[in-house]
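Structural description and commentary
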Amino acid sequence: MSTDSEKQDFKGFIAKIKEGIDSVKDAKGTVLCISHIDADGLTSAGIIGKALHRANIQYQVRGVRQLELPIISELSMLKNIKNFIFSDLGGGQIEGINKYLSDRNILILDHHPVITPPKSKSIINVNPFPYNYDGSHQVSGSGISYFFAKTLDPKNIDSAAIAVVGALADRQDKGEKNSLTDLNRIIVKDGIKAGVLEENMDIRLFGRETRRIYQALEYTTDPFYPGLTGDGDMCIRFMRDTGIPQQKGDKWRTIQDLSEEERRTLVQALLTYGLQMGMSAEDAQSILGKVYTLTNEKPGTLLRDAREFGSLLNSCGRLGATGIAIGICMGERKFLLQEAETIMKEYRKKISQFLELVTLDSEHVKEYNNLIVFDGKDVIDDTMIGTIISIAISTKSFADKKKPLIGIAESNDGTVKVSCRGTGPLVAMGLDLGLALRGAVESIGSNAEGGGHNIAAGARIPQGTEQLLFENLNIAIEKQLKKDEAESKKQSSTKKAVKKPKTTTTKTTK
Ligand SMILES: [Mn+2]
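Residues numbered from 1 in each chain as written. Predicted model: local features only at pLDDT ≥ 70, side-chain atom pairs only at ≥ 80, totals over all residues. Heavy atoms only, no water.

1. Re the environment of D432
- Tracing the sequence through the fold places D432 in the loop between α17 (424-428) and α18 (433-442).
- Classification of D432 by relative accessible area gives partly exposed; the value is 24%.
- Within polar-contact distance, the side chain of D432 engages the backbone nitrogen of L435 at 3.2 Å. (Helix = DSSP H or I, 4+ residues; strand = E, 2+ residues; numbered from the N terminus. Buried < 20%, exposed > 50% of the residue type's maximum accessible area, 1.4 Å probe, protein only. Polar contact = N/O pair within 3.5 Å; in protein donor to acceptor, adjacent residues only side chain to side chain.)

2. A look at the environment of G207
- With respect to the secondary-structure elements, G207 resides in the loop between β6 (197-203) and α8 (213-219).
- Each C-alpha atom of the pair G207 and R185 lies 23 Å from the other, and the pair is 22 residues apart in sequence.

3. Some thoughts on the domain arrangement of the chain
- Split by domain assignment, the chain resolves into domain 1 (3-163), domain 2 (201-355) and domain 3 (365-491).
- Between the C-alpha centres of domain 1 and domain 3 the distance comes to 28 Å.
- Listed by partner, the interface residues are nine residues for domain 1 and seven residues for domain 3.
- Between domain 1 and domain 3, a total of about 790 Å² is buried, with carbon and sulfur atoms accounting for 47% of that surface.
- The three residues of domain 1 that bury the most area against domain 3 are R65, Q66 and E68, which together make up 55% of that side's buried surface.
- In this assembly, domain 1 and domain 3 are joined by two salt bridges.
- Between R65 and D382 there is a salt bridge, and its shortest N-O distance comes to 3.2 Å.
- Scanning the region where domain 1 abuts domain 3 turns up three residue pairs in polar contact (both at pLDDT 80 or more).
- Residue classes in the side of domain 1 that touches domain 3 are distributed as two nonpolar, five polar and two charged. (Domains from an automatic or database assignment. Contact = heavy atoms within 4.5 Å. Buried area = accessible area lost by both parts, 1.4 Å probe. Salt bridge = Lys/Arg side-chain N within 4 Å of Asp/Glu carboxyl O. Nonpolar A, V, L, I, M, F, W, Y, C, P; charged D, E, K, R; others polar.)

4. Overview of the nonpolar core
- Among the nonpolar cores identified, the biggest contains 64 residues, and F13, I85, F147, F148 and V164 are the most heavily contacted of them.
- When residues of this core are sorted by domain, at least three fall in each of domain 1 (3-163) and domain 2 (201-355).
- Excluding anything up to four places from it in sequence, V164 contacts L180, I187, V188, L197, Y292 and A306. (Core = buried A, V, L, I, M, F, W, Y, C linked by side-chain atoms within 4.5 Å.)

5. What about the side chain of N83?
- In this structure, N83 sits in strand β3 (residues 83-87).
- Of the residues examined, N83 reaches a relative accessible area of 3% and is grouped as buried.
- Reaching out from N83, the side chain makes a polar contact with the backbone oxygen of S23 at a distance of 3.3 Å.
- Those residues in contact with N83 that sit more than four places away from it in its chain are S23, V24, A27, K28, T30, V31, L32 and N105.

6. Digging into unusual backbone geometry
- At D88, a residue that is not glycine, the phi angle is positive and equals roughly 60°.
- Unusually for a residue other than glycine, K334 sits at a positive phi of about 45°.
- Here K334 lies in the loop between α13 (322-329) and α14 (335-355).

7. Concerning the confidence of the model for the chain
- A residue-level look at the chain finds 94% of positions with pLDDT of 70 or above and a mean pLDDT of 89.
- This stretch, residues 493-510, has a pLDDT under 50; its non-local contacts, to residues over four places away or in other chains, come to 35 contacts. (pLDDT = per-residue confidence, 0-100.)

8. Re the sheet that holds strand β4 (residues 105-109)
- Across the sheet, which stays open at both edges, the five strands sit in the order β2-β1-β3-β4-β5 with parallel pairing between neighbours. Single-partner strands in this sheet number two, and they are β2 (59-64) and β5 (123-126). Put simply, the sheet's adjacent strands are angled 15° from each other on average, direction ignored.
- Examined bridge by bridge, β4 and β5 share four bridges and lie parallel to one another. When the bridges of β5 are listed, I106 appears paired with I123.
- Its contacts with the sheet place helix α1 (residues 10-25) against β1 (31-36), β3, β4 and β5, and it is angled at close to 145° to β5.
- Along the sheet, helix α5 (residues 141-152) makes contact with β3, β4 and β5, crossing β4 at roughly 125°. (Pairing = 2+ DSSP bridges. Axes fitted to C-alpha atoms, helices over the stretch in contact; angles between N-to-C directions.)

9. Section: the pattern of salt bridges
- Taken as a whole, this structure holds 22 salt bridges when the rule is applied.
- The partner of R104 in a salt bridge is D103, and the shortest N-O contact between them spans 3.3 Å.
- You can call R104 buried: its relative accessible area is 4%.
- The class for D103 is exposed, based on a relative accessible area of 57%.
- Residue R333 is joined to E297 by a salt bridge in which the shortest nitrogen-to-oxygen separation is 2.5 Å. Pair noted here: R333 is in the loop between α13 and α14 and E297 is in the loop between β9 (288-294) and α12 (306-318), with a separation of 36 residues, a long-range link.
- Under the relative-accessibility criterion, R333 is labelled partly exposed at 22%.
- Judged by relative accessible area, E297 falls into the buried class, the value being 13%.
- Taken together, the shared-partner salt bridges in this structure form one network comprising R65, E68, D382 and R460.

10. Observations regarding the coordination of the manganese ion
- Within the protein, the atoms that donate to the manganese ion are D40 (OD), D88 (OD), H111 (NE2) and D170 (OD), at distances of 2.2 to 2.3 Å.
- Motif for the manganese ion, donor spacing along one chain: D-x47-D-x22-H-x58-D. Within this pair, whereas D40 is found in helix α2 (residues 39-54), its partner D170 is found in the loop between α6 (160-169) and α7 (182-193), the two being separated by 130 residues in sequence. (Donors = N, O, S within 2.8 Å, 3.2 Å for Na, K, Ca; no water.)

11. Thoughts on the pairing of strand β13 (residues 416-421)
- Across the six residues of β13, five count as buried, placing the element largely inside the fold.
- Pairing of strand β12 (residues 405-410) with β13, which is carried by six bridges, proceeds in the antiparallel orientation. Bridge assignment links I408 to a residue of β13, and that residue is V418.
- Hairpin connection of β12 to β13: five residues between the antiparallel strands, including G414 at a positive phi of 90°.

12. Things to note about the packing of aromatic side chains
- Taken as a whole and judged by the stated rule, the model has eleven aromatic pairs.
- Look at F13 and Y131: their rings are 6.1 Å apart centre to centre, the planes differ by 65°, and that puts the pair in the edge-to-face class. A residue pair is termed long-range when its members are at least 10 positions apart, and F13 in helix α1 and Y131 in the loop between β5 and α5 qualify at 118 residues.
- When its relative accessible area of 14% is taken as the criterion, Y131 is described as buried. (Phe/Tyr/Trp six-rings, centres within 6.5 Å; stacked < 30°, edge-to-face > 60°.)

Okay, structure coming up:
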């Protein structure tokens, strides 16, 4: 499937990691690990923390929302720290690291594209792209951290399950039937070998271990069931019609509790329903896919299913409980899990409150020719804007618009956080939000920064530059979709037609 697979250089990738290990092993004093606070970053920090602890290397772990210049400059004031590890971030911020930290030993374990190369030998940049691995779906931050840990000490193979949690949370399950591929595949195999992970084909409803079945159905957005997704009452009715007992005694059953026979019945019912509702056969069949189970975790907990584990970590990160999250990733349980569960509940409540604000006829939503903007500046926490628009774009009314969704929120420091989300079909048409956003941000000036992947990207911009950003994005996205249209016309006529954007001027719906 991927064209770069012939040239993938695993040995070169590991050799680079070994360089990094040598520098960490020689560290004098504390190694400070700075990681992103999404689930991929938190699992990265957990894996690195555990590995350094095992190796008797003094360390500290800290989570940040984004590695911005002021933060890098602040880090440079920590004169007693000679060794830094940046995980799940740093690759796109080497310019700042060059500027402020070139006199320290830096190890960057990141999967985001690198823009500026390191200028000093003391900055070791481990990144999958130079070895022809695509960091958007073949390995994540947690995966690179895992290879670091495993190369440091083979015992750390027991961190493979945590690495899988990070990869899934970063939506890297782009292989057949939502499986993990390439470098991620190696990690899955390690996890199975180490007895910490299982990979099975099962019903991909969200919350397999912990949610009532109708709730799992209600909260599942991939696949999206028109008429069921987001509608609890309809899901209760649907489940009643299947005849599958929902409760055992007074206890609600979960997907995990279903027998083989009941699983088949449910899959068949969902397939039939999906096709009746006009879903493509492929979408309808995608209800069956690869699920990943952390075999050492207690059944019925949020940690047993790798995707649920990931969303628990994301909730912790967004509500500022990074210590709890990293502790859990390092294997600490006791009270931490209980605390995390409380945080998760609080988080879900917030999400549903915010989601009510993101509708096409909302005063906060504005439609451009090639994108839709949700302005959450006065109403939404900047840590949650990404999640909110990720969920919103998967709902039918937005998905039907066939335009990427851009959300903005105000940060504590007064800057504006921008989150962009596309869909699979849009990416297939040529959409690359990371590229579009980088270009749009550049035109704003040096006090703005951003980038990311084709399907999801983010930025931070000064107040007052939003309008300029939207207009630039609108133009860039139009070009991407148009260019691909022209190419596909030339090459073949079988490709899906792209709706032609008419002009680049903006207009609002309401
Ligand atoms: Mn990541």
